[in-house]
Amino acid sequence: MESNRGLDLDPNKDDLPLRANTNHMLVRHYVLDLTVHFQRKVIGGSIVLFLEPGVVSSKQGEPGSISNTPVQNISQVSSKHDVSSPITPEPNKVIPPEEPSRLCGGNDVSSVLWCDESEEFTLVLDCCDLTVSKVEELDVTAVPDLKKLDVDQQHANTDHPSSSLVQRLVSMPSVCWRLQHELYVQCSRSPTLHNAQPLRFHTDRWSLQIRKEGVCAPHDFPRAVRIWYETKLTGGSVRWTKDQDGRCCVYTMGSPINNRALFPCQEPPVAMSTWQARVRAPCDYTVLMSGENQAFPKPADTGFLQWDYYVTMPMPASTFTIAVGQWLEAGVKHLNFEMEKTDEPYDKEPSFSLDNDDQQYVCSHMDYPCHFMVSAARAQTVIPHRVFAPPCHLQKANDMVLPLLPLCLTAAHSVLGVHPFSRLDVLIVPSGFSSLGMASPHIVFLSQSVLTGERNLCGARLCHEIAHSWFGLAIGAQDWTEEWISEGFATYLEDVFWSHVQKLGCREAEEQRWLKALLRWRRLSDELQNSEEELQVLRPNKENTGEVSESGASVVKHALNPEKPFMQVHYLKGYFLLKFLADQVGEEKFLDFFKVFVGKFHGQLILSQDFLQTLLDTFPGMSSRGITLETIFSDWLDTPEMPEWLRDACSEWLRTPVVQEVKGEVAKWIHFSGSGGKGSKQKRAGPKVNFKELSPEQLVLLLEFLLEEPKLSLSTLRLLQTTYNLQAQDAEVSDLSGLQSRLTQGNQAGSD
């Protein structure tokens, strides 16, 4: 069998291991039942995994037999949606087991007794900083409604009736998704298998490993497994903190280790699954989550409410997101948004029926209730949305974020078409949040930094995160190292969407994008000069990108490098690659291609060559100019240096009128700084200089140019502050206006 030792983390490297053996076994669905304990700062409860043998359905590392139960055809096309009501289980039909009263012992096996060379099949899950107390095999034959599915005796497995039933359950067509989800819940509450040997487990730094005595192949392994666990305060997947009003809250971090410290899961992106989650939290808390439905709280234990969410679109476990706090909702929705909201997204048959035009939408992904196939969704420019914030930021969220959100959604729809997801929540997260924003299915986290100044930074960031609905979520990277597929695309589309929101003319939009390109070029230049070369490569695994071990395990190159979180190369160099490609075919045609590409690849994982080769096939004239897959790899993705096209383009951006205007203002400030005698009345009164009004991007460039000056007087700084009201500007300008400390320390000779 394949030894786990070969995948242990090398302390001399920063790579993050993905230990899950997804080629042997895949998680098709998760059912989480959790309680948030703020006093103890833990999230605890159970998670049930519904499993299906993977590509290598045999003993680990050896060829073997295939399960005799049918495996769903993952390329099956979803053509319509279930519009029937979900079944209602009879009361007391399935009795959930009691939760372990304390987390200790259980069927854990010490490392001394756990042999990596065992002949027994091992289910390996990605797991870190979790206290696991028990792992159970469920007897789903105790669910009467599930037995009704097993009508086809041809595929019945008499030796493993429970496995046969689970296979039938995970293989149900998408038209029956309501029934399927109800059955998942019923199965998750099943009792353990009577007289069965306990499932033994062992945890190490990066994994949870589970075995059943005597089982040596995946197709004989239990298909429904319940894991009881609690999170640890040291876990990197969740952040326990206080909001800006000093009230306790918790949210997922989106850290390099993704969700493995939130629940045991399969982290490789190919392990796409659906999920349901019931979360109990104190009554004064709101639970937001990546779910298709708008959850309505229901009474639970004394002092607690429960929130139920689900998704029907299979996605990597890393996209699961949760935030629990005393958030308040901003604003009052328009009547049409209230009417569109529903606890179930497809419960109105007339609104979501297919028409004759639907034949042009042929999905290539695995079978699920796809939003692209819904007639009403294609005409829905603005999806239902809400904005949440702590009380101290509620007014800003109401005045700035809420009005911008429908404009940004409309702009995105006008460029890319159908919104992949049925709704969107936006949350202003606590001040410790490490970036300006983070997108997950159905929910976006925004930093409080975007609420300062004018609306430009907030609007552009909303556009960026909304773009991730298409690139990053609906279309994901097959290899985590190809971040540019998500971040480069979102950065490029951010400008396109934002110019639509601003209703700029062609010339104005072009000038704004030139200026933003120059600013990004300057950031990229600084980064390339001040970082390790190996961190500057967009495709660090090169021709081995997407490859995994026999079991499906792999590593994420450089994921744990402490410099990596501060790098923007995937955003910037990826953005410039797309800008280069758009320059070859024209932006209008390039964006039309985006729309076609989304229609073909949504719901799937891609590698760089999938996008690039499709583009080259669509525009064959590019090859005659020497632009091939190989040259793009060598010039842009596989090397650290600045591409030649980018050097040439930068010189052009420097000559544009908007940049020349900034240079003219810089000359005025330098002249002012060097004029006048120290302490003169004329200087204290201020110069008679007509400074021009600048756009936010121009102001950033102005400050960057001034920072490069060897000497500026403090009176210059004071006038800069008052002329441009720097204290009230957005975060990008405020960061640069930290000029004061540098000037104070380095320019005392030129002070008043």
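Residues numbered from 1 in each chain as written. Predicted model: local features only at pLDDT ≥ 70, side-chain atom pairs only at ≥ 80, totals over all residues. Heavy atoms only, no water.

The protein carries the name Peptidase M1 membrane alanine aminopeptidase domain-containing protein in an unreviewed UniProt entry, which gives Sinocyclocheilus rhinocerous as its organism.

1. Quick notes on the overall build of the protein
Broken down by element type, the protein carries 21 helices and 23 strands. Taking all 752 residues of the protein together, 58% fall into the buried category. Look at the contacts in the protein between residues 6 or more apart in sequence, and 78% of them connect residues 24 or more apart. With the model as given, the accessible surface of the protein reaches about 31,000 Å², and the carbon-plus-sulfur share is 50%. (Helix = DSSP H or I, 4+ residues; strand = E, 2+ residues; numbered from the N terminus. Buried < 20%, exposed > 50% of the residue type's maximum accessible area, 1.4 Å probe, protein only. Contact = heavy atoms within 4.5 Å. Areas by Shrake-Rupley, 256 points an atom, 1.4 Å probe, with all protein chains shown as cover.)

2. Overview of the sheet that holds strand 15 (residues 322-325)
With respect to topology, four strands assemble into an open sheet ordered 9-10-15-12, the strand pairing being antiparallel. The sheet is open, and its two borders are formed by strand 9 (238-242) and strand 12 (286-289), each paired with just one other strand. Across the sheet, the mean angle separating the axes of adjacent strands is 15° when strand polarity is ignored. For strand 10 (residues 248-252) and strand 15, the ladder comprises two bridges, and the chain directions are antiparallel. (Pairing = 2+ DSSP bridges. Axes fitted to C-alpha atoms, helices over the stretch in contact; angles between N-to-C directions.)

3. Comments concerning the sheet that holds strand 13 (residues 298-299)
Pairing in this open sheet of seven strands is mixed, and the strands run 5-8-3-2-11-14-13 from one edge to the other. Sheet topology places strand 5 (130-137) and strand 13 at the edges, where each strand pairs with a single neighbour. Running over the sheet, helix 2 (residues 161-170) touches strand 2 (25-37), strand 3 (42-53) and strand 8 (224-231) and is turned about 95° from strand 3.

4. Focus: the packing of aromatic side chains
Counted according to the given criterion, the structure contains 35 aromatic pairs. When the ring of F590 is compared with that of F594, the centres are 4.8 Å apart and the planes differ by 55°; the resulting orientation is tilted. Residue F590 and its partner F594 are located together in helix 11 (residues 587-601), separated by four residues, close to a single helical turn. Like F594, F590 is buried. The side chain of R211 reaches across the aromatic face of W114, ending 3.9 Å from its centre. Note that R520 overlies the ring of Y575, its terminal NZ or CZ placed 4.5 Å from the centroid. (Phe/Tyr/Trp six-rings, centres within 6.5 Å; stacked < 30°, edge-to-face > 60°. Lys NZ or Arg CZ within 6 Å of the ring centre and 35° of its normal.)

5. Section: helix 19 (residues 714-724)
Along an α-helix, residues three or four apart share an orientation, since each turn contains 3.6 residues. If you check which residues of helix 19 are buried, you get L714, S715, T716, L717, L720, Q721 and Y724. Looking one or two places after helix 19, you find N725, whose phi comes out positive at around 50°.

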